[in-house]
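# Breakdown of the fold
One letter stands for each residue in the lines below.
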Amino acid sequence: MVCNGRMPLFEITVITRSLSKADLLKVLTRAGSTLLDNGAIIEKVESLGHRDLPFKRIAKQTNESVYTSKELRTVCIFSGTRINYFLFHSHLSSEAKKHVLSTLRHDLDTVHVDAIDVTKAKSEMKECNLEEILKPPAERESIIRRWDISQDK
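Source: prediction; values computed, not measured.

### Regarding the pattern of salt bridges
Taken as a whole, this structure holds six salt bridges when the rule is applied. The closest approach of N and O atoms between Arg-17 and Asp-109, which form a salt bridge, is 3.0 Å. Residue Arg-17 is located in the loop between β1 (9-16) and α1 (21-37), and its partner Asp-109 is located in the loop between α2 (94-105) and β6 (110-117); the two are separated by 92 residues in the primary sequence. The exposure class assigned to Arg-17 is partly exposed, which follows from its relative accessible area of 26%.

Written as structure tokens, this is what we have:
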């Protein structure tokens with residue numbers, strides 16, 4: 001299905017707390033239903049795995065710090081559990097994106113929700129020129145061009 005220009009492709013990241021398979025299915029169903037109810041076209045859902053949260057978060061109901069690293073499991077609200085990472089690749093209007101993110105962020109089973117416009121992200125990618133940067137300044141193309149321009153003046 002080809003979408004028009006008003007429906008860009010978004011990569012929606014949903015990070016859930018550690019849940020049983022049945023509860024995880026319910027959370028993902030709620031997230032998918034929220035997207036579909038707001039006019040999204042879901043292309044693909046990816047699971048990025050089950051792992052420790054790399055940084056501290058604040059619990060939604062208690063406003064206490066949430067840790068899931070191995071060193072801090074004694075103070076973890078979720079009893080040292082791990083979290084699930086999921087990506088929803090979906091076409092969604094920009095107006096609906098705001099409502100979807102607001103709804104998903106208020107879900108108590110989600111730890112983090114965010115969306116990235118994939119079409120903009122791909123156009124902003126720049127080429128890696130590490131080999132050029134590692135050369136001595138006298139051998140770099142950009143320095144040679146600057147030197148030539150300054151000599152012409």
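Next comes the rest of the account.
### Quick word on the packing of aromatic side chains
Tallied over the full model, the rule gives zero aromatic pairs. Stacked on the ring of Tyr-85, the Lys or Arg Arg-51 has its end atom at 4.7 Å from the ring centre.

### What to know about α2
A rise of 1.5 Å per residue sets the reference length of α2, with its 12 residues, at 16 Å; its end C-alpha atoms lie 17 Å apart and thus fit the reference within 8%. Within α2 the residues assigned to the buried category are Ala-96, Val-100, Leu-101 and Leu-104. One side of α2 holds all its buried residues, which, seen down the axis, span an arc of 135°. Among the exposed residues of α2, those oriented more than 90 degrees off its buried face are Glu-95 and Lys-98. Residues of α2 that are buried make contact with α1 and β6.

### Side note on the sheet that holds β1
Strand order across the open sheet formed by four strands is β2-β5-β1-β6, with antiparallel pairing between neighbours. Among the strands making up the open sheet, the edge pair consists of β2 (41-51) and β6. With strand direction ignored, the average angle separating the axes of adjacent strands in the sheet is 15°. When β2 meets strand β5 (residues 83-91), the two strands line up antiparallel, connected through nine bridges. Within β5, the position partnered with Arg-51 by the bridge is Ile-83. On the sheet, α1 packs against β1, β2, β5 and β6 and is oriented at approximately 20° with respect to β5. Packed onto the sheet, α2 meets β1 and β6 and runs at close to 165° relative to β6.

### Thoughts on the pairing of β1
Here β1 lies mainly inside the structure; seven of its eight residues are buried. Where β1 meets β5, eight bridges bridge the pair, whose relative direction is antiparallel. Counted as the bridge partner of Leu-9 is His-91 from β5. Where β1 lies against β6, seven bridges are found, and the strand directions are antiparallel. Directly across from Phe-10, in β6, lies its bridge partner Asp-117.

### Thoughts on the side chain of Thr-13
Locating Thr-13 in the fold gives a position in strand β1. With near-sequence residues (within four places) excluded, Thr-13 lies in contact with Phe-86, Leu-87, His-112, Val-113 and Asp-114.

### What about a nonpolar patch on the surface?
Together, Leu-130, Ile-133 and Leu-134 give the surface a local cluster of nonpolar side chains, amounting to about 320 Å² of exposed area. Along the chain, Leu-130 turns up in helix α4 (residues 130-134).

### Comments concerning the nonpolar core
Membership of the largest hydrophobic core comes to 19 residues, with the highest contact counts inside it found for Ile-12, Leu-35, Phe-88 and Leu-92. Among the elements of the structure, β1, α1, β5, α2 and β6 are those that each provide at least two residues to this core. Considering every element that reaches this core, the biggest residue donor is α1, with five residues. One finds Ile-15, Ile-83, Tyr-85 and Val-111 within the second-largest nonpolar core, a separate group that totals five residues.

Rules used throughout
Residues numbered from 1 in each chain as written. Predicted model: local features only at pLDDT ≥ 70, side-chain atom pairs only at ≥ 80, totals over all residues. Heavy atoms only, no water. Salt bridge = Lys/Arg side-chain N within 4 Å of Asp/Glu carboxyl O. Helix = DSSP H or I, 4+ residues; strand = E, 2+ residues; numbered from the N terminus. Buried < 20%, exposed > 50% of the residue type's maximum accessible area, 1.4 Å probe, protein only. Phe/Tyr/Trp six-rings, centres within 6.5 Å; stacked < 30°, edge-to-face > 60°. Lys NZ or Arg CZ within 6 Å of the ring centre and 35° of its normal. Expected span 1.5 Å × (residues − 1). Arc of directions from axis to C-beta. Contact = heavy atoms within 4.5 Å. Pairing = 2+ DSSP bridges. Axes fitted to C-alpha atoms, helices over the stretch in contact; angles between N-to-C directions. Patch = residues over 30% accessible without salt bridge, like charges linked within 9 Å, V, L, I, M, F, W, Y side chains within 5 Å. Areas by Shrake-Rupley, 256 points an atom, 1.4 Å probe, with all protein chains shown as cover. Core = buried A, V, L, I, M, F, W, Y, C linked by side-chain atoms within 4.5 Å.

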